[in-house]
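In case you want the letters, here they are:
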Amino acid sequence: GKAVNVRSASNYIYTNKIVSCKDKEYDSYTHYLHNLSYDSNTLSFGRQLSMDSDLDSESELMFVISQLIYVLSLENDRKWETKSKFAPFVIQLFVLVGSMDLDSQPKPESQFMSLIKTAISLGSSDSDSDPDSLWLGSLATEMMSLISSVESGLGPKKLELESEPEFMLLIDDMKCYCCYKHLDETFYYCWACDFAIRFTCVQKQPDLSVDHMKWHRHTLSLFPTQTPFTCSVCALRHSKGPLYICPPCDFAVHQRCFNLPQVIRISRHPHRISFTTSFDQGDLYCAICRRSIDNDYGGYSCIKDGCLYATHSRCGTQRNVWDGKELEGEPEEVEEDVEPFVRISNGIIQHFSHEHHHLRLDENTDRDYDENKLCQACITPIYFGNFYSCMQCDYILHQTCANFSRKMHHPIHPHLLTLVNYEGVVKDTERACSACPWFCTTGFVYECNEEGCYFQLHVQCSAISEPLIRENHMHLLFLTSKAREDRGCYVCRGSRQSNTRQTFNCIDEECYFSLCYGCASLPQAVRYKHDKHMLSLTYGDETSNMAYWCEACEGKINLKEGFYMCDENCCVTLHITCMLGKDLYLKPGSSLIYKAVHVLSNNHHMSRPICSKCKKRCPQKILFKYSGLIACSIS
């Protein structure tokens, strides 16, 4: 498909006599386009071509124009609004370039540069909502550099290849000095000062003085400096952005702090919180990062009388806790609390997930354990405790699962979540839980209903709250991770972590223990079919001289990775995967991926089937079947 589009574009250029494409040059075009990654992080693709071929500046310019045509011709996941904006620009560009001899004119940039700048501004204006506009704006920027090289007669400059790899590794963590956005488009960079600024920010002259009565009663003056100053609004001390000051009042504020909201609602607290320039209370700690708050600087506090909840300015406006909405002047919405069931009589309910039958509460604690009897909400066995069972079929729910609220706010997501029963639902795509690595395919799931947001949680993950208490660790654990922060799990070393990388962290200064949602949501106590006692989840000491062996697979247990151990003196120990399985929360009899992959129980065979991939017998509690092939795990 790419070759056809490129050939059509090249033929169009050739027949209009804009540039004469030699066979060698045409091969370079097609080869390069086949290997080009159309991504906003692609830097200086025109210059890269000049390193790989002997094209002159005019031919190189035409190559960039052909790229623009190629992008406009794409139909896969492209927005037609973007194309419609750039199409007139391309037509004018062809007419203009076709009528001029770039090598003979001393200053060809007047009308040509005007068109290029128009394209850049169009690309920059929609860069947040449309990645195509962003890429096309960068493409136009490259054209500008190429025409400048024609004007100077020096040709395009090559990148310093010896330093480029290290620089590329740093781009993901770098931000623009002015707007503090990540460098995901064209930008300028100073190696000596480690200073970066986006191309769009260069076009905007900073205000030398501003009147911001929201933050200060006096006029504030721009103070260009590389010396770190403590911001009176966010209390952070750095020199990573423009600073405005009022010398008489000893007031300083970062330019980006001008946009901090006054009243917000965050996922970590049920009430609204409002900005305050200082705190009157005594020793306060930020409820998000768990560090002390300096009373002389700004932050957020709860608007409810008697509530001492407080956060730092930047902690309270992190994207993983705040939805980005300013609520000043907005009336508080009363969220309707919908009960998950209707109580019919004492011990009998009608649950929303099983409306056609009634459920009866079973309080028998002496029942026999059956590992194949699964709760239909969390898809785990009834290890202990009360549960509801259907009076007419085998549908059962843990008592705690039956009481899950229909709506909830979760600490790691800023939007309201709705409880959904995935039983019998065929989805257009299979997605994992946003907190742990396992699929949300069957059972109860909390999902976000905001447009374009695909956040979802297993009910196991939704039930975990801070502070998290674990008998295996002496300190309390809190959700102190910031957005984009990557902290590894102390127990699983990342094998049970989701892409969000959220962890419960110990706040003791000398302790670096952290626990991911995948490990934190594992059941703390389980039953094993060959032991009448309860088994507890244990994290052993790796320096211990004791050796433990798994009761199921007879393999040695790594104490630091966690394992299940009998509470009594039976000496029964099990790997977590041997006890629970490798792919959790999948119900036998369900299907994945448009019902193409079937989940089957592996506990009802005289001899376990052989996996089609690893050629070994499937050891897990469930297996997967696809077109006659057998697999022992999703992976």
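With an unreviewed UniProt entry as reference, the protein is termed Zinc finger PHD-type domain-containing protein, source organism Capsella rubella.

Peer 1: Explain the overall build of the protein to me, please; I cannot follow it from the model alone.
Peer 2: In terms of regular secondary structure, the protein is built from 14 helices and 34 strands. A buried classification covers 48% of the 635 residues belonging to the protein. Look at the contacts in the protein between residues 6 or more apart in sequence, and 56% of them connect residues 24 or more apart. In the form shown here, the protein has an accessible surface area of approximately 34,000 Å², with 50% of it arising from carbon and sulfur atoms.

Peer 1: It is not clear to me how the pattern of salt bridges should be interpreted in this structure. Could you clarify?
Peer 2: Between side chains of opposite charge, a pair can form as their charged atoms come close. Taken as a whole, this structure holds 4 salt bridges when the rule is applied. For the salt bridge of Glu 466 with Arg 268, the shortest nitrogen-to-oxygen distance reads 3.8 Å. Taken together, the residues Glu 466 in the loop between helix H12 (459-462) and strand S24 (477-478) and Arg 268 in the loop between strand S9 (263-264) and strand S10 (273-276) connect sequence positions 198 residues apart. This pair shows no difference in class: Glu 466 is buried, exactly as Arg 268 is. In this structure, Lys 529 engages Glu 371 in a salt bridge whose closest nitrogen and oxygen atoms are separated by 3.7 Å. Taken as a pair, Lys 529 in the loop between strand S27 (525-527) and strand S28 (534-538) and Glu 371 in the loop between strand S17 (359-362) and strand S18 (387-390) lie far apart in primary sequence, 158 residues in all. For Glu 371, a relative accessible area of 15% translates into the label buried. One network of salt bridges, in which partners are shared, links Arg 268, Arg 290 and Glu 466.

Peer 1: How do you make sense of the nonpolar core when you look at a structure like this?
Peer 2: General note: in soluble globular proteins, nonpolar side chains tend to be found buried as a group. Ranked by internal contacts, the top residues of the largest apolar core, which has 74 residues, are Leu 457, Leu 515, Tyr 564 and Leu 580. Sorting elements by how many residues they give to this core places strand S22 (residues 444-448) first, with 4 residues. In contact with Leu 457, other than residues within four places in its own chain, are His 410, Ile 412, Leu 417, Cys 433, Ala 435, Cys 440, Phe 444, Val 445, Tyr 446 and Ser 462. Core analysis: the second largest hydrophobic core is formed by 31 residues, Tyr 244, Phe 258, Leu 260 and Cys 286 among them.

Peer 1: Sorry if this is basic, but what is going on with the environment of Ile 634 here?
Peer 2: Structurally, Ile 634 is set in the segment after strand S34 (629-631). The spatial distance from the C-alpha of Ile 634 to the C-alpha of Val 599 is 9.9 Å, given a sequence separation of 35 residues. Those residues in contact with Ile 634, other than ones at most four positions away along the chain, are Phe 439, Asp 583, Leu 586, Leu 592 and Phe 624.

Peer 1: Just checking my understanding: could you explain the confidence of the model for the protein for this structure?
Peer 2: Detail in the predicted coordinates should be disregarded across regions flagged by low pLDDT. In the predicted model, the protein carries a mean pLDDT of 76, and the fraction of residues at 70 or more is 69%. Confidence over residues 1-55 falls short of pLDDT 50; this stretch has 85 contacts with residues more than four positions distant or in other chains. Low confidence marks residues 75-80, where pLDDT is under 50. Its contacts with residues over four positions away, or in another chain, come to 9 contacts.

Peer 1: Looking at this structure, I do not really get the side chain of Asn 602. What am I missing?
Peer 2: Within the secondary structure, Asn 602 sits in the loop between strand S32 (597-601) and strand S33 (622-626). Residue class for Asn 602 comes out buried when judged on its relative accessible area of 2%. In terms of polar contacts, Asn 602 uses its side chain to reach the backbone carbonyl oxygen of Gln 620, at 2.9 Å. Ignoring any residue separated from it by four or fewer positions in sequence, one finds Asn 602 in contact with Arg 608, Pro 609, Cys 618, Pro 619, Gln 620, Lys 621, Ile 622 and Leu 623.

What counts as what
- Residues numbered from 1 in each chain as written.
- Predicted model: local features only at pLDDT ≥ 70, side-chain atom pairs only at ≥ 80, totals over all residues.
- Heavy atoms only, no water.
- Helix = DSSP H or I, 4+ residues; strand = E, 2+ residues; numbered from the N terminus.
- Buried < 20%, exposed > 50% of the residue type's maximum accessible area, 1.4 Å probe, protein only.
- Contact = heavy atoms within 4.5 Å.
- Areas by Shrake-Rupley, 256 points an atom, 1.4 Å probe, with all protein chains shown as cover.
- Salt bridge = Lys/Arg side-chain N within 4 Å of Asp/Glu carboxyl O.
- Core = buried A, V, L, I, M, F, W, Y, C linked by side-chain atoms within 4.5 Å.
- pLDDT = per-residue confidence, 0-100.
- Polar contact = N/O pair within 3.5 Å; in protein donor to acceptor, adjacent residues only side chain to side chain.

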